[in-house]
Amino acid sequence: MLLEKEKKPFAAVFTSTLLDWYEKNGRSLPWRGIADPYPIWLSEVILQQTRIQQGWSYWERFMHRWPTVEQLAAASEDEVLRLWQGLGYYSRARHMHQAARQIVTLGGFPSDYAAIRSLKGVGDYTAAAIASFAFGEPVAVVDGNVYRVLSRVFGIDVPINGTEGKKTFTALANQLIAMDKPASFNQAMMDFGAVQCTSKSPHCESCPMLEMCEAYHTGRVEALPVKLRKTTVKTRYFSYVLVRCAGWIAVRRRPSGDIWQGLWEPFLIETPSKADVENVIRQFEVVGRLTLLKENVRHVLTHRIILADFYLLEALSRPSLPDDYVWVDELSYDEYAKPRLIELLMETLNG
Ligand code: SF4
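Everything numeric in this text was worked out from a predicted model, so none of it was measured. (Residues numbered from 1 in each chain as written. Predicted model: local features only at pLDDT ≥ 70, side-chain atom pairs only at ≥ 80, totals over all residues. Heavy atoms only, no water.)

**Quick notes on the nonpolar core**
Part 1 of the argument: Grouped together as the largest cluster of nonpolar side chains are 111 residues, with contacts concentrated most on F14, W41 and L150.
Part 2 of the argument: Here this core gets eight residues from one element, more than from any other, and that element is helix α8 (residues 124–135).
Part 3 of the argument: Two domains each donate at least three residues to this core, and these are domain 1 (5–217) and domain 2 (234–350).
Part 4 of the argument: Non-local contacts of F14, meaning those with residues more than four positions away in its chain, are made with V149, L150, V153, F154, L176, F185, M189, M209 and M212.
Part 5 of the argument: Residues C204, L210, C213 and A215 belong to the second largest nonpolar core, which totals six residues. (Core = buried A, V, L, I, M, F, W, Y, C linked by side-chain atoms within 4.5 Å. Buried < 20%, exposed > 50% of the residue type's maximum accessible area, 1.4 Å probe, protein only. Helix = DSSP H or I, 4+ residues; strand = E, 2+ residues; numbered from the N terminus. Domains from an automatic or database assignment. Contact = heavy atoms within 4.5 Å.)

**What to know about unusual backbone geometry**
Part 1 of the argument: The linkage connecting L224 with the following residue, P225, adopts the cis geometry, with an omega of 0°.
Part 2 of the argument: Here P225 lies in the loop between α12 (214–217) and β1 (234–245).
Part 3 of the argument: Residues other than glycine seldom take positive phi values, yet A246 does so here, at roughly 50°.
Part 4 of the argument: Mapped onto the elements of the fold, A246 is located in the loop between β1 and β2 (248–253).

**Regarding the pattern of salt bridges**
Part 1 of the argument: Scanning the model with the defined rule gives 19 salt bridges in all.
Part 2 of the argument: Taking the shortest distance from any N to any O, the salt bridge between R254 and D258 comes out at 2.9 Å.
Part 3 of the argument: Judged by relative accessible area, R254 falls into the buried class, the value being 4%.
Part 4 of the argument: For D258, a relative accessible area of 28% translates into the label partly exposed.
Part 5 of the argument: Among the salt bridges present, the one from E295 reaches K274, with a minimum N-O distance of 3.3 Å. Linking E295 in strand β4 (residues 288–301) with K274 in the loop between β3 (264–271) and α13 (277–282), this pair joins segments that are 21 residues apart in sequence.
Part 6 of the argument: Residue E295 is classed as partly exposed on the basis of its relative accessible area of 42%. (Salt bridge = Lys/Arg side-chain N within 4 Å of Asp/Glu carboxyl O.)

**Regarding the packing of aromatic side chains**
Part 1 of the argument: Evaluation of the coordinates by the stated rule reveals 15 aromatic pairs.
Part 2 of the argument: Here the aromatic rings of Y147 and F169 are separated by 5.4 Å at their centres, their planes lie at 90°, and the arrangement is edge-to-face. Here F169 lies in helix α10 (residues 163–176) and Y147 lies in helix α9 (residues 144–153), a separation of 22 residues in the sequence.
Part 3 of the argument: Classification of Y147 by relative accessible area gives buried; the value is 11%.
Part 4 of the argument: Residue class for F169 comes out buried when judged on its relative accessible area of 0%.
Part 5 of the argument: Taken together through their ring pairs, the aromatic side chains of F10, F14 and F154 make up a single cluster.
Part 6 of the argument: We note R318 situated over the ring of W248; from NZ or CZ to the ring centre the distance is 5.1 Å.
Part 7 of the argument: Of note, K338 hangs over the ring of Y333, and the distance from its end group to the ring centre comes to 4.7 Å. (Phe/Tyr/Trp six-rings, centres within 6.5 Å; stacked < 30°, edge-to-face > 60°. Lys NZ or Arg CZ within 6 Å of the ring centre and 35° of its normal.)

**A closer look at the domain arrangement of the protein chain**
Many authors give the size of an interface as the accessible area that is lost as the parts come together.
Part 1 of the argument: Along its sequence, the protein chain is organised into domain 1 (5–217) and domain 2 (234–350).
Part 2 of the argument: Centre-to-centre, using C-alpha coordinates, domain 1 lies 38 Å away from domain 2.
Part 3 of the argument: Between domain 1 and domain 2, the residue contacts involve eight residues of the former and 14 residues of the latter.
Part 4 of the argument: Taking both sides of the interface into account, the surface hidden between domain 1 and domain 2 amounts to around 870 Å²; carbon and sulfur atoms contribute 39%.
Part 5 of the argument: Contact with domain 2 buries surface across domain 1, with R82, Q85 and Y90 losing the most and accounting together for 51% of the total. (Buried area = accessible area lost by both parts, 1.4 Å probe.)

**Considering the environment of E137**
Part 1 of the argument: Counting through the fold element by element, E137 comes out in the loop between α8 and α9.
Part 2 of the argument: With relative accessibility at 25%, the residue E137 sits in the partly exposed group.
Part 3 of the argument: When the C-alpha positions of E137 and M346 are compared, they lie 47 Å apart, and in sequence the two are 209 residues distant.
Part 4 of the argument: Beyond its immediate stretch of four places on either side in the chain, E137 contacts S111, D112, Y113, A131, S132 and P182.

In structure tokens form, the structure reads like this:
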């Protein structure tokens, strides 16, 4: 839904009201008001699935460890994953690291939307953020905040998580953007959604958009934006067995094509329902003692729930394990990048 001609003045009022609000209420963040694309990019990647409060300290740690994109590119993937640990969605870190190497090969950070968008792992949103914040290109960012604000103020009920919704809201945001202040406009949209027009209990009574807000006047604030029903959540059953022998433990790097690619985990038995671990271990003909540490640990990911059991197997001699497992010193395992679920296992073990 593009703006109709007669609505143009409405658009101008929306944009100027938003910019006025931003001047008084905009959030002060360390990666704002700077022209260096690297810290901006880093903040956008970190904040994609993470709240600002948590992401901020990670951003500082990354900037401290690798102050330039060249230094990030020179790091190993393991180092990057290790520093990322706790943020989840590890493909973000891997892609960012690969993109850093692409940037170095290109001879510097690309400076327009299309070229930035072609970097590994960089989607429409991040490319628009970098292009507008660092290079002043008038291209609108469209994230959850933007969907919410536009759907409410303009009363649009096209589902935001469908193809048509994405097109509709992107086109509208690009019509509204202040051509002379694209960075401020984009930041204002994000802040307005995060601070004023929040998803739960928006602050309508103090809102400068109140007069023009379609959702408010039609009693649809809670009903907008509209979302299509979520895809079904799949349950996976993981039994982790920490196989330990004389201070060494068996671990493997998770393969590609599944969650947690590249992270390190102990011996895993995945089964369609809860596993009979004792029976599985018997097949390895291990001499040792098997102890259940914790069971039915529920770990929720996007579109998946993992139900996990944790075991310790104290072996008297090293059993032969599948080829992708290696023995590592148990003390050094702390330095390996691992999923949050495995951190829980280690905490249970040492707890
Ligand atoms: S009036 Fe309420 S729903 Fe409308 S833009 Fe303002 S905060 Fe959001």
